[in-house]
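Residue strings, one per chain:
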Amino acid sequence: MTKHQSSRQNNLHIPEPKFRPGQTNDFAHLKIPNVDEAPKPAIDCNPHNIRDLAYGLIRVLDDEGQAGGAWNINITPDILRQGLKDMLLTRLFDDRMQLLHRTGKISFYMKCTGEEAISVAHSLALKNSDMVFPSYRNQGILISRGYPLLDMMCQCLSNSRDNCKGRQLPIMYSWKAGNFFTISGNLATQFSQAVGWAMAEARKGGNRVCTTFVGDGSTAEIDFHSALTFAATFNPPVILNIVNNQWAISSNQVVAGGERTTFAARGIGVGLPSLRVDGNDFLAVYAASKWAADRARAGYGATLIEHFTYRVAPHSTSDDPSAYRPADEDKNWPLGDPLERLKTHLINIDEWSEAQHEQLAEQYTAEIKAEYKQAESYGTLTSGARPDVSSMFEDIFEEITPNRIRQRQELGL
Amino acid sequence: MAQMNMLQAILSAQKCMLERDDNVMIFGQDVGYFGGVFRATEGLQAEFGAQRVFDTPISENGIIATAIGMSINGMRPVAEIQFSDYIYPAFDQIASEASRIRYRSGGEYSTNITIRTPCGGGIRGGQTHSQSPEGIFTHISGIKVVMPSNPYDAKGLLISSIESNDPVLFFEPKRLYNGPFYGDPNAPSIGWDTHEKGEVPEGHYSIPLAEAEITRTGEELTIITYGTMVHVVETAVKQTGVDAEIIDLRCLSPIDYDTIINSVNKTGRCLVAHEATKVGGFGAEILSIIQENCFWKLRAPIERVTGWDIPYPHAFEWEYFPVPKRVGKAITRIMEA
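Analysis parameters
Residues numbered from 1 in each chain as written. Chains lettered and ligands numbered in written order. Predicted model: local features only at pLDDT ≥ 70, side-chain atom pairs only at ≥ 80, totals over all residues. Heavy atoms only, no water. Helix = DSSP H or I, 4+ residues; strand = E, 2+ residues; numbered from the N terminus. Buried < 20%, exposed > 50% of the residue type's maximum accessible area, 1.4 Å probe, protein only. Contact = heavy atoms within 4.5 Å. Pairing = 2+ DSSP bridges. Axes fitted to C-alpha atoms, helices over the stretch in contact; angles between N-to-C directions. Domains from an automatic or database assignment. Buried area = accessible area lost by both parts, 1.4 Å probe. Salt bridge = Lys/Arg side-chain N within 4 Å of Asp/Glu carboxyl O. Polar contact = N/O pair within 3.5 Å; in protein donor to acceptor, adjacent residues only side chain to side chain. Nonpolar A, V, L, I, M, F, W, Y, C, P; charged D, E, K, R; others polar. Phe/Tyr/Trp six-rings, centres within 6.5 Å; stacked < 30°, edge-to-face > 60°. Lys NZ or Arg CZ within 6 Å of the ring centre and 35° of its normal.

Now for the side chain of Thr 114 of chain B. All names here are of chain B. Relative to the helices and strands, Thr 114 is located in strand E5 (residues 114-119). Taking the relative accessible area as the measure of exposure, Thr 114 reaches 0% and is therefore buried. Those residues within four positions of Thr 114 in sequence are excluded, and the remaining contacts are Pro 77, Val 78, Ala 79, Leu 158, Ser 161, Ile 162, Val 168 and Phe 170.

Take the sheet that holds strand E2 (residues 210-215) of chain A next. All names here are of chain A. Taken in spatial order, the five strands of this open sheet run E1-E2-E3-E7-E6, and their pairing is parallel. At either margin of the open sheet sits one strand with a lone partner, and together these are strand E1 (131-133) and strand E6 (274-278). If you compare each strand with its neighbour and ignore which way they point, the axes differ by 20° on average. Strands E2, strand E3 (238-244) and strand E7 (303-308) of the sheet are contacted by helix H6 (residues 222-234), whose axis makes an angle of about 150° with E3. Each of E3, E6 and E7 is contacted by helix H7 (residues 282-297), which is oriented at about 170° to E7, the strand it contacts most.

Attention now goes to the sheet that holds strand E13 (residues 270-277) of chain B. All names here are of chain B. Sheet architecture is open: five strands sit in the order E9-E11-E10-E13-E14, paired in mixed fashion. A single partner strand is all that each edge strand has here, and the edge strands are strand E9 (213-216) and strand E14 (303-307). Looking at each pair of strands side by side, their axes are set apart by 25° on average, direction ignored. By the bridge criterion, three bridges tie E9 to strand E11 (residues 244-248) in an arrangement that is antiparallel. Residue pairing in the sheet places Ile 214 in a bridge with Ile 247 of E11.

All right, on to the domain arrangement of chain B then. Residue and element names in this part refer to chain B. Domain boundaries in chain B define domain 1 (2-200) and domain 2 (213-336). Taken over C-alpha atoms, the centre of domain 1 sits 25 Å from the centre of domain 2. On the domain 2 side, the residues contacting the 34 residues of domain 1 number 27 residues. Where domain 1 abuts domain 2, roughly 2,500 Å² becomes buried across the two surfaces, and 57% of that area is made up of carbon and sulfur atoms. Considering only the side of domain 1, the residues that lose the most area to domain 2 are Arg 124, Met 147 and Tyr 182, jointly responsible for 23% of the buried surface there. The interface formed by domain 1 and domain 2 includes three salt bridges. Seen at the junction of domain 1 and domain 2, the total is 15 residue pairs in polar contact (both at pLDDT 80 or more). Secondary-structure elements contributing two or more residues to the side of domain 1 that touches domain 2 are helix H6 (134-138), strand E6 (144-146) and helix H7 (151-163). Its residues assigned to classes, the side of domain 1 that touches domain 2 comprises 14 nonpolar, 14 polar and six charged.

As a further point, take the interface of chain A and chain B. Facing the 46 residues of chain A at the interface are 44 residues of chain B. Buried surface at the junction of chain A and chain B, both sides included, amounts to about 3,700 Å², of which 57% is carbon and sulfur. For chain A, the biggest contributors to the area lost against chain B are Arg 203, Phe 230 and Phe 397 of chain A; these three give 21% of the whole. Counting every contact that joins chain A to chain B gives one salt bridge. The closest approach of N and O atoms between Arg 203 of chain A and Asp 22 of chain B, which form a salt bridge, is 3.0 Å. At the junction of chain A and chain B, the tally comes to 27 residue pairs in polar contact (both at pLDDT 80 or more). Counting only elements with at least two residues in the side of chain A that touches chain B, the list comes to E1, helix H5 (189-204), H6 and helix H11 (402-410) of chain A. Ranked by residue count, the leading element in the side of chain A that touches chain B is H5 of chain A, at 11 residues.

You can see Leu 84 of chain A is positioned in helix H1 (residues 77-102). Once you skip the residues sitting within four places of it in the chain, Leu 84 of chain A turns out to touch Leu 339, Leu 342, Lys 343, Leu 346, Trp 352 and His 357 of chain A.

Per the counting criterion, the structure on display carries 27 aromatic pairs over all chains. Relative to Phe 224 of chain A, the ring of Phe 191 of chain A lies with its centre 5.5 Å away and its plane at 20°, an arrangement referred to as stacked. Pair noted here: Phe 191 of chain A is in helix H5 and Phe 224 of chain A is in helix H6, with a separation of 33 residues, a long-range link. Summarising the burial analysis for this pair, Phe 191 of chain A and Phe 224 of chain A share the class buried. Ring centres of Phe 282 of chain A and Tyr 286 of chain A lie 6.2 Å apart, and the angle between their planes is 25°; this geometry places the pair in the stacked category. You can see Phe 282 of chain A and its partner Tyr 286 of chain A sitting in helix H7, four residues apart, about one turn around the helix. Accessibility classification places Phe 282 of chain A together with Tyr 286 of chain A in one group, the buried group. The ring of Tyr 103 of chain B has Arg 167 of chain A sitting right over it, with the charged end atom 4.2 Å from the ring centre. Positioned over the ring face of Phe 308 of chain A is Arg 276 of chain A, at 4.3 Å from the centre of the ring.

Below, the structure is given as structure tokens:
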């Protein structure tokens, strides 16, 4: 009998992140391309000719904060400054809300620290009339679109002014006037819904774009795959964004199949143009988002974008990342901090200064404090005014049904 | 009035709504060019165009998710799930999304989708083409669950479902598509032209959701049922000669409490019949309603005749199905109690 030397014994492969607590992740294994490596195709390109963009990394800002490369679309300083302001406000808002959780004022919170550029740049690259089917870490879009901080706080407090009427966990916002869909909490369900919204838009012959977000972990959900299939089949004006922030609670992106290929490459299999972008580079996210929105608006259909970033924050206030990843991992992240990078760039081009930055941070901190004072006057989850309790039986259907009327009476209301 | 079988009535309802409301869009597996495996959308694409009536990928999850998305952008989608046995990949989109969007958004957003899906057995469909999963969905707050038993009701209820601003799951008992089924698989098939509910107006009309219909008035016993079993029960009532009142629920959620309670309080006896399996089935909810509201008027224990607690077996379809004989035995037990 011949012994097959080349055969290997089967062994169930359990993927593991490269580094765990107590170790130092230097991210040396990551290949970070230069800004001039990724070509920028025309919006009417054949998706099959741009496959390399799904494996590379679109970057505009280099390590010194200089803009360059094909994706440098010369964004006006006004937009860059607006982006910096929105990112700063988002970060300070997050910090304040996290603090409120520690003091017991709110029950739950999710920060987007380190990921601000993705929501804010994407939002500014699109029109406010474009529809968003968000995930739970897209507060930067709300802030960029001008949703009042007071409304966000009241939602988080589940108080008498909460537009979700006390029914949703904090941060599960809904803002219809801002074309921001109600956040689910069940992962990825919005991804395939967004494709349907865009299909309706295409049928109407409209020119609004739909954008939607999902995490690296939830690309494993059925909705991600049906979204890609339907997007490829009907090619509606939708932007499918994957925020690859490396971690899904404690599960590294390797557990979502991230070892084999990039998340952007998921789009290649269905023939969608797929971009992989430095998610900590405001200019790159803006340019890629604008490219996808221009394509969609011009009738070329759907685009997939992987935003490559790092979740600096814990998953939520219920999470302690020190239990599963090196404590200083975020400090070593090779793509830096999106806020610092944009600030450096703006200072480099003489459109911003440290003094202005400090002054703005102070101003925002004071504003957030004042807004919170007002928000608290409408009550908190544990004290003060609440939404009308009897309203919890409403909005099941357009009209309340007899069983719910009886149950409301049984509750004494 | 025209003679229609249940498929023609369902087709007519969809055609009617496509004509009346430009926002109505119809889609699902094989529903476009081909007109559906049961022909329930036959000719609609040719008449109304592929932008409004089209085929989708084989993804129940994707069908319902995109339907929800379309509704958020002003459409009034009617999605077909080819067999209700295949609805489960869409469960999250139905149970966690469609049913809760109005609630979770504080009423800011809502979805009006209608999901049509053939259900029930009696067509030699085996365990993957015969299920009656309505009880899984009646447990969910936020989705209406409808099941007609005849062409007239099917059209009127489907129009109401499509016009409703709430999500509706519309179950179509496929054994009734071509004619009423009285419970004997060996009897020659008969068409809906033999039944008064096969007379269907060609134009628009609607039947309110949550209104049960008393299909036979009686004094001695109330039988509460829906779908195919409405006709099977009728046979059993004839065979036993009991003066039974038969209630066709038509809409399971929301449910018509008054019709049930008033009838059982009148007769003091009650039988519940459905084709779905027994444990945790919708019949249990009906029994609870009666127990809570009619206990002191009851003269006999309430009984249930249902499918057995097994998957629908291909070769033993008629041993599974709650045939008139089983219904009759239960009627006799109740009357003798």
